[in-house]
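If you want the building blocks of each chain, they are given just below.
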Amino acid sequence: DAKTTQPPSMDCAEGRAANLPCNHSTISGNEYVYWYRQIHSQGPQYIIHGLKNNETNEMASLIITEDRKSSTLILPHATLRDTAVYYCIVRAPWRAGKSTFGDGTTLTVKP
Amino acid sequence: EAGVAQSPRYKIIEKRQSVAFWCNPISGHATLYWYQQILGQGPKLLIQFQNNGVVDDSQLPKDRFSAERLKGVDSTLKIQPAKLEDSAVYLCASRKPGAGDETQYFGPGTRLLVL
(Lines give C-alpha, C1' and ligand atoms only; values in the text may rest on other atoms or scores of the structure.)
Protein backbone atom coordinates (compact mmCIF):
# COMPACT_ATOMS: atom_id res chain seq x y z
CA ASP A 1 0.00 0.00 0.00
CA ALA A 2 1.25 3.49 -0.81
CA LYS A 3 2.15 5.74 2.13
CA THR A 4 -0.24 8.55 3.06
CA THR A 5 0.30 11.74 5.04
CA GLN A 6 -2.49 13.44 6.98
CA PRO A 7 -2.48 16.30 9.49
CA PRO A 8 -2.80 14.92 13.02
CA SER A 9 -5.73 17.13 13.97
CA MET A 10 -8.25 19.65 12.62
CA ASP A 11 -11.14 21.66 14.00
CA CYS A 12 -14.34 22.58 12.23
CA ALA A 13 -17.36 24.65 13.22
CA GLU A 14 -20.69 22.86 13.32
CA GLY A 15 -22.65 23.36 10.12
CA ARG A 16 -19.59 24.30 8.10
CA ALA A 17 -17.82 22.14 5.57
CA ALA A 18 -14.95 20.02 6.88
CA ASN A 19 -12.14 19.54 4.35
CA LEU A 20 -9.69 16.81 5.29
CA PRO A 21 -6.52 16.60 3.17
CA CYS A 22 -4.39 13.57 2.39
CA ASN A 23 -1.11 13.35 0.50
CA HIS A 24 -0.24 10.15 -1.35
CA SER A 25 2.54 11.13 -3.74
CA THR A 26 3.71 7.52 -4.31
CA ILE A 27 0.30 6.20 -5.39
CA SER A 28 0.47 3.77 -8.28
CA GLY A 29 -1.90 3.53 -11.23
CA ASN A 30 -4.03 0.68 -9.90
CA GLU A 31 -4.38 1.97 -6.35
CA TYR A 32 -7.58 3.55 -5.09
CA VAL A 33 -8.00 6.13 -2.32
CA TYR A 34 -10.22 4.95 0.54
CA TRP A 35 -11.50 6.92 3.51
CA TYR A 36 -12.67 5.49 6.82
CA ARG A 37 -13.58 7.13 10.08
CA GLN A 38 -13.53 5.87 13.65
CA ILE A 39 -15.78 7.41 16.24
CA HIS A 40 -14.60 7.04 19.81
CA SER A 41 -14.96 3.50 21.21
CA GLN A 42 -16.29 2.14 17.92
CA GLY A 43 -14.74 0.23 15.05
CA PRO A 44 -13.76 2.00 11.81
CA GLN A 45 -16.52 2.78 9.32
CA TYR A 46 -16.10 2.91 5.54
CA ILE A 47 -16.94 6.32 4.05
CA ILE A 48 -16.02 6.51 0.37
CA HIS A 49 -13.41 5.53 -2.18
CA GLY A 50 -12.27 6.59 -5.65
CA LEU A 51 -9.68 6.06 -8.37
CA LYS A 52 -9.36 9.37 -10.20
CA ASN A 53 -12.80 10.87 -10.63
CA ASN A 54 -14.45 12.83 -7.88
CA GLU A 55 -16.97 10.78 -5.93
CA THR A 56 -19.97 11.67 -3.80
CA ASN A 57 -22.27 9.63 -1.61
CA GLU A 58 -24.69 10.33 1.19
CA MET A 59 -21.88 10.75 3.71
CA ALA A 60 -19.20 12.75 1.93
CA SER A 61 -17.45 13.86 -1.25
CA LEU A 62 -13.99 12.83 -2.38
CA ILE A 63 -11.91 15.14 -4.52
CA ILE A 64 -8.79 13.63 -6.11
CA THR A 65 -6.25 15.87 -7.84
CA GLU A 66 -5.53 15.28 -11.50
CA ASP A 67 -2.06 13.88 -10.76
CA ARG A 68 -3.65 11.70 -8.03
CA LYS A 69 -0.96 12.67 -5.55
CA SER A 70 -3.41 14.13 -3.07
CA SER A 71 -7.06 14.08 -2.18
CA THR A 72 -9.58 15.84 0.04
CA LEU A 73 -12.51 14.36 1.92
CA ILE A 74 -15.33 16.85 2.27
CA LEU A 75 -18.08 16.63 4.87
CA PRO A 76 -20.44 19.32 3.52
CA HIS A 77 -22.25 20.23 6.73
CA ALA A 78 -20.33 18.91 9.71
CA THR A 79 -22.23 17.96 12.86
CA LEU A 80 -20.99 17.15 16.34
CA ARG A 81 -21.45 13.46 15.51
CA ASP A 82 -18.79 13.77 12.81
CA THR A 83 -16.12 14.19 15.49
CA ALA A 84 -13.85 11.21 14.85
CA VAL A 85 -10.48 10.03 13.56
CA TYR A 86 -10.46 10.01 9.75
CA TYR A 87 -8.14 7.61 7.92
CA CYS A 88 -6.98 8.00 4.33
CA ILE A 89 -5.77 4.71 2.84
CA VAL A 90 -4.30 3.97 -0.56
CA ARG A 91 -4.34 0.42 -1.87
CA ALA A 92 -5.30 -1.87 -4.71
CA PRO A 93 -8.96 -2.94 -4.87
CA TRP A 94 -8.12 -6.64 -4.73
CA ARG A 95 -6.84 -6.07 -1.23
CA ALA A 96 -10.40 -5.27 -0.14
CA GLY A 97 -10.74 -5.25 3.62
CA LYS A 98 -6.97 -5.44 4.20
CA SER A 99 -6.35 -1.79 4.84
CA THR A 100 -3.12 -0.45 6.30
CA PHE A 101 -4.32 2.28 8.63
CA GLY A 102 -2.00 5.15 9.53
CA ASP A 103 -2.59 7.46 12.46
CA GLY A 104 -5.29 9.49 10.70
CA THR A 105 -6.64 12.98 11.36
CA THR A 106 -8.61 13.71 14.50
CA LEU A 107 -11.46 15.97 13.44
CA THR A 108 -13.18 17.90 16.22
CA VAL A 109 -16.45 19.58 15.30
CA LYS A 110 -17.20 22.43 17.66
CA PRO A 111 -20.58 24.06 18.38
CA GLU B 1 -29.39 -6.47 10.08
CA ALA B 2 -27.39 -7.34 13.20
CA GLY B 3 -23.83 -6.06 13.29
CA VAL B 4 -20.56 -7.77 14.15
CA ALA B 5 -20.68 -8.98 17.73
CA GLN B 6 -17.64 -9.26 19.97
CA SER B 7 -17.12 -10.37 23.55
CA PRO B 8 -15.99 -9.60 26.08
CA ARG B 9 -15.94 -5.82 25.68
CA TYR B 10 -13.24 -5.39 28.30
CA LYS B 11 -10.62 -7.70 29.79
CA ILE B 12 -7.88 -7.12 32.35
CA ILE B 13 -5.24 -9.82 32.85
CA GLU B 14 -1.74 -10.10 34.21
CA LYS B 15 1.23 -10.72 31.97
CA ARG B 16 1.89 -14.36 31.13
CA GLN B 17 -1.81 -15.20 31.50
CA SER B 18 -3.94 -16.40 28.61
CA VAL B 19 -6.95 -14.65 27.10
CA ALA B 20 -9.46 -15.37 24.35
CA PHE B 21 -11.73 -13.10 22.35
CA TRP B 22 -14.84 -14.13 20.45
CA CYS B 23 -16.37 -12.71 17.28
CA ASN B 24 -19.65 -13.41 15.52
CA PRO B 25 -19.71 -11.83 12.04
CA ILE B 26 -22.67 -10.56 10.07
CA SER B 27 -24.71 -13.43 8.63
CA GLY B 28 -23.53 -14.34 5.16
CA HIS B 29 -20.15 -12.63 5.50
CA ALA B 30 -17.67 -15.35 4.65
CA THR B 31 -14.63 -13.09 5.07
CA LEU B 32 -13.52 -12.30 8.62
CA TYR B 33 -10.65 -10.19 9.91
CA TRP B 34 -8.96 -9.60 13.25
CA TYR B 35 -7.22 -6.27 13.78
CA GLN B 36 -5.13 -4.98 16.70
CA GLN B 37 -5.35 -1.30 17.57
CA ILE B 38 -2.84 0.12 20.02
CA LEU B 39 -3.84 3.38 21.70
CA GLY B 40 -3.21 6.37 19.45
CA GLN B 41 -2.55 4.27 16.35
CA GLY B 42 -4.65 2.98 13.49
CA PRO B 43 -5.81 -0.65 13.39
CA LYS B 44 -3.31 -3.27 12.22
CA LEU B 45 -4.46 -6.43 10.44
CA LEU B 46 -3.55 -9.63 12.27
CA ILE B 47 -5.34 -12.35 10.30
CA GLN B 48 -7.92 -12.83 7.54
CA PHE B 49 -10.22 -15.83 7.12
CA GLN B 50 -12.26 -16.91 4.12
CA ASN B 51 -14.90 -19.29 5.52
CA ASN B 52 -12.82 -21.52 7.83
CA GLY B 53 -9.54 -21.12 5.98
CA VAL B 54 -6.74 -18.66 6.73
CA VAL B 55 -6.05 -16.32 3.79
CA ASP B 56 -3.43 -14.08 5.38
CA ASP B 57 -1.75 -14.37 8.78
CA SER B 58 1.54 -12.73 7.84
CA GLN B 59 1.29 -10.15 10.63
CA LEU B 60 0.10 -12.50 13.36
CA PRO B 61 2.74 -13.10 16.08
CA LYS B 62 2.37 -16.84 15.89
CA ASP B 63 4.54 -17.57 18.91
CA ARG B 64 1.78 -16.27 21.18
CA PHE B 65 -1.28 -15.47 19.06
CA SER B 66 -3.61 -18.00 17.49
CA ALA B 67 -6.98 -17.76 15.80
CA GLU B 68 -9.52 -20.20 14.50
CA ARG B 69 -12.83 -20.22 12.69
CA LEU B 70 -13.72 -23.89 12.80
CA LYS B 71 -17.21 -23.82 11.31
CA GLY B 72 -16.71 -20.82 9.08
CA VAL B 73 -18.89 -18.55 11.19
CA ASP B 74 -17.71 -17.54 14.69
CA SER B 75 -14.04 -16.92 15.34
CA THR B 76 -11.80 -16.94 18.38
CA LEU B 77 -8.52 -15.08 18.84
CA LYS B 78 -6.24 -16.27 21.64
CA ILE B 79 -3.13 -14.83 23.24
CA GLN B 80 -0.95 -17.19 25.26
CA PRO B 81 1.02 -15.94 27.16
CA ALA B 82 0.14 -12.26 27.13
CA LYS B 83 2.75 -9.51 27.28
CA LEU B 84 2.41 -5.91 28.40
CA GLU B 85 2.65 -4.72 24.78
CA ASP B 86 -0.46 -6.72 23.88
CA SER B 87 -2.59 -4.08 25.62
CA ALA B 88 -4.81 -2.85 22.82
CA VAL B 89 -8.29 -2.99 21.33
CA TYR B 90 -8.90 -6.12 19.27
CA LEU B 91 -11.33 -5.48 16.43
CA CYS B 92 -13.17 -8.06 14.41
CA ALA B 93 -14.57 -7.20 10.99
CA SER B 94 -16.48 -9.11 8.34
CA ARG B 95 -17.17 -8.57 4.66
CA LYS B 96 -19.12 -10.17 1.84
CA PRO B 97 -16.70 -12.24 -0.24
CA GLY B 98 -15.93 -10.70 -3.59
CA ALA B 99 -17.46 -7.40 -2.56
CA GLY B 100 -15.85 -4.05 -1.81
CA ASP B 101 -15.01 -2.20 1.36
CA GLU B 102 -18.46 -0.71 1.55
CA THR B 103 -19.65 -4.11 2.72
CA GLN B 104 -17.01 -4.42 5.45
CA TYR B 105 -18.23 -3.81 8.96
CA PHE B 106 -16.28 -3.67 12.19
CA GLY B 107 -17.40 -4.78 15.61
CA PRO B 108 -17.08 -2.59 18.72
CA GLY B 109 -13.84 -4.31 19.77
CA THR B 110 -12.49 -5.93 22.92
CA ARG B 111 -10.31 -3.65 25.04
CA LEU B 112 -7.46 -5.65 26.63
CA LEU B 113 -5.27 -4.37 29.43
CA VAL B 114 -2.27 -6.47 30.43
CA LEU B 115 -0.79 -5.60 33.81
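All of the points below concern the structure found in this document. (Residues numbered from 1 in each chain as written. Chains lettered and ligands numbered in written order. Predicted model: local features only at pLDDT ≥ 70, side-chain atom pairs only at ≥ 80, totals over all residues. Heavy atoms only, no water.)

For the rest of this paragraph, the subject is the pattern of salt bridges. Within the structure shown, the criterion is met by 4 salt bridges over all chains. The salt bridge involving D82 of chain A is made with R37 of chain A; its shortest N-O contact spans 2.8 Å. With D82 of chain A in the loop between β7 (70-75) and β8 (84-91) and R37 of chain A in strand β3 (residues 32-38), this residue pair connects regions lying 45 residues apart in the sequence. Taken individually, D82 of chain A and R37 of chain A each receive the classification buried, so the pair is uniform in this respect. Ionic pairing is found between D86 of chain B and R64 of chain B, a salt bridge with its closest N-O pair at 2.5 Å. Taken together, the positions of D86 of chain B in the loop between β8 (75-79) and β9 (88-95) and R64 of chain B in the loop between β6 (53-56) and β7 (65-68) put the pair 22 residues apart, joining distant regions of the chain. (Salt bridge = Lys/Arg side-chain N within 4 Å of Asp/Glu carboxyl O. Helix = DSSP H or I, 4+ residues; strand = E, 2+ residues; numbered from the N terminus. Buried < 20%, exposed > 50% of the residue type's maximum accessible area, 1.4 Å probe, protein only.)

Note that the residue after S7 of chain B, namely P8 of chain B, is joined by a cis bond; omega there is -10°. Here the bond from Q80 of chain B into P81 of chain B is cis, since omega is -5°, no more than 30 degrees from zero. We note that R68 of chain A has phi near 65°; this positive angle belongs to a residue other than glycine. Among the structural elements, R68 of chain A can be located in the loop between β6 (61-64) and β7. The phi dihedral of R16 of chain B is positive, around 80°, even though this residue is not glycine. Tracing the chain through its elements places R16 of chain B in the loop between β2 (10-13) and β3 (19-24).

Further remarks concern the interface of chain A and chain B. Listed by partner, the interface residues are 17 residues for chain A and 21 residues for chain B. Taken over both partners, the interface formed by chain A and chain B buries close to 1,400 Å², and the fraction arising from carbon and sulfur atoms is 48%. Inspection of the chain A/chain B interface yields 0 salt bridges. Our count for the chain A to chain B interface comes out at 5 residue pairs in polar contact (both at pLDDT 80 or more). Counting only elements with at least two residues in the side of chain A that touches chain B, the list comes to β3, β4 (45-50) and β8 of chain A. Residue contributions to the side of chain A that touches chain B peak at 3 residues, all from β3 of chain A. (Contact = heavy atoms within 4.5 Å. Buried area = accessible area lost by both parts, 1.4 Å probe. Polar contact = N/O pair within 3.5 Å; in protein donor to acceptor, adjacent residues only side chain to side chain.)

Once that is clear, we can look at the state of the cysteines. All names here are of chain A. By the definition in use, this model includes 2 disulfides over all chains. Across a sulfur-sulfur distance of 2.1 Å, C22 and C88 are joined as a disulfide pair. Across the S-S bond linking C22 and C88, the dihedral sits near -80°, which makes this disulfide left-handed. Placement of the pair is C22 in strand β2 (residues 18-23) and C88 in strand β8, with a sequence separation of 66 residues. (Disulfide = S-S within 2.5 Å.)

On to the packing of aromatic side chains. Describing an aromatic ring pair means giving the distance of the ring centres and the angle of the ring planes. Tallying each qualifying case throughout the model produces 10 aromatic pairs over all chains. Between Y87 of chain A and F101 of chain A the ring centres are 5.2 Å apart and the planes differ by 85°, which places this aromatic pair in the edge-to-face class. Of this pair, Y87 of chain A sits in strand β8 while F101 of chain A sits in the loop between β8 and β9 (105-110), and the two are 14 residues apart along the sequence. Classification of Y87 of chain A by relative accessible area gives buried; the value is 2%. What makes F101 of chain A buried here is its relative accessible area of 8%. A ring pair is formed by F101 of chain A and Y35 of chain B, whose centres lie 6.0 Å apart and whose planes are at 80°; its orientation type is edge-to-face. (Phe/Tyr/Trp six-rings, centres within 6.5 Å; stacked < 30°, edge-to-face > 60°.)

Geometric values such as these leave the question of function open.
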